[in-house]
Amino acid sequence: MKEITEIKMLPTNKICIHYGKQIEVLTLQEFNDLMRYRIRKANRENDIRSTLLIVIMLITGVILAMKIIQILG
């Protein structure tokens, strides 16, 4: 996903989006669709990261519990 560097509203009720040196002109509906897509994609990526973090924490917890049992037992 390209990083948006600037968003401008044009007098013709169109949106001008700058991706570094690349420029894209969209209607309001196209802009809304693009933003919805980017938000959905970011949310999906965040969900994957959260799931991986939980799995890593569970594995770390099991390893820690095993070490404590080994020390005490």
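The numbering scheme is per chain: residues are counted from 1 as the chain's sequence reads. Local features in this predicted model are restricted to residues whose pLDDT is 70 or higher, and side-chain atom pairs enter the listing and the counts only when it is 80 or higher, whereas totals over whole chains, interfaces and linings include all residues. Excluded from the side-chain calculation are hydrogens and water; included are all heavy atoms of the structure.

1. Thoughts on the overall build of the chain
Reasoning step 1: To qualify as a helix, a DSSP run of H or I must reach at least 4 residues; to qualify as a strand, a run of E must reach at least 2; elements of each kind are numbered from the N terminus. A count of helical and extended segments in the chain gives one helix and three strands.
Reasoning step 2: In the chain, the succession of helices and strands from N to C terminus is β-β-β-α.
Reasoning step 3: Note on method: radius of gyration uses C-alpha positions; expected globular size equals 2.2 Å times residues raised to 0.38. The C-alpha radius of gyration computed for the chain amounts to 23 Å, which surpasses the reference 11 Å derived for 73 residues by more than 25%, pointing to a less compact arrangement than a globule.
Reasoning step 4: Across its three principal axes, the chain shows a C-alpha extent of roughly 75 × 25 × 15 Å.
Reasoning step 5: Buried residues in the chain amount to 11% of all 73 residues.
Reasoning step 6: In what follows, residue pairs with any heavy atoms lying within 4.5 Å of each other are defined as contacts. Within the chain, contacts between residues at least 6 apart in sequence are counted, and of these 14% link residues at least 24 apart.
Reasoning step 7: The method behind every accessible area is Shrake-Rupley, applied with a 1.4 Å probe, and residues are considered shielded solely by the protein chains displayed. Accessible area for the chain stands at about 6300 Å²; split by element, carbon and sulfur atoms hold 64% of it.
Reasoning step 8: Taking the 11 positively charged and 7 negatively charged side chains of the chain as two groups, their mean positions are separated by 4 Å. Working definition: with a 1.4 Å probe on protein chains only, accessible area under 20% of the residue-type maximum means buried, over 50% means exposed, and in between means partly exposed. We score Asp and Glu as negative and Lys and Arg as positive, and we do not count His or the chain ends. Note that the charge is assigned to NZ on lysines, CZ on arginines, CG on aspartates and CD on glutamates.

2. Thoughts on the pairing of strand β1 (residues 6-9)
Reasoning step 1: Sheet topology note: the β1/strand β2 (residues 15-19) ladder contains four bridges and is antiparallel. Across the sheet, the residue bridging to Lys8 is Cys16, located in β2.
Reasoning step 2: The pairing criterion for strands is at least two bridges between them, as found by DSSP. Once β1 ends, the chain turns through five residues before running back antiparallel as β2, passing Asn13 with a positive phi of about 60°.

3. Focus: the side chain of Arg38
Reasoning step 1: Residue position: Arg38 is located in helix α1 (residues 28-72).
Reasoning step 2: A carboxyl oxygen of Asp or Glu within 4 Å of a side-chain nitrogen of Lys or Arg is what we treat as a salt bridge. Despite being buried, Arg38 has no salt bridge partner; Glu3 is the closest side chain of opposite charge, sitting 7.8 Å away.
Reasoning step 3: Think of a polar contact as two N or O atoms within 3.5 Å of one another; within protein, one of them needs to be a possible hydrogen donor and the other a possible acceptor, and neighboring residues in sequence only count if both atoms come from side chains. A polar atom in the side chain of Arg38 sits 2.9 Å from the backbone oxygen of Lys2.
Reasoning step 4: Once you skip the residues sitting within four places of it in the chain, Arg38 turns out to touch Met1, Lys2, Glu3, Ile4 and Tyr19.

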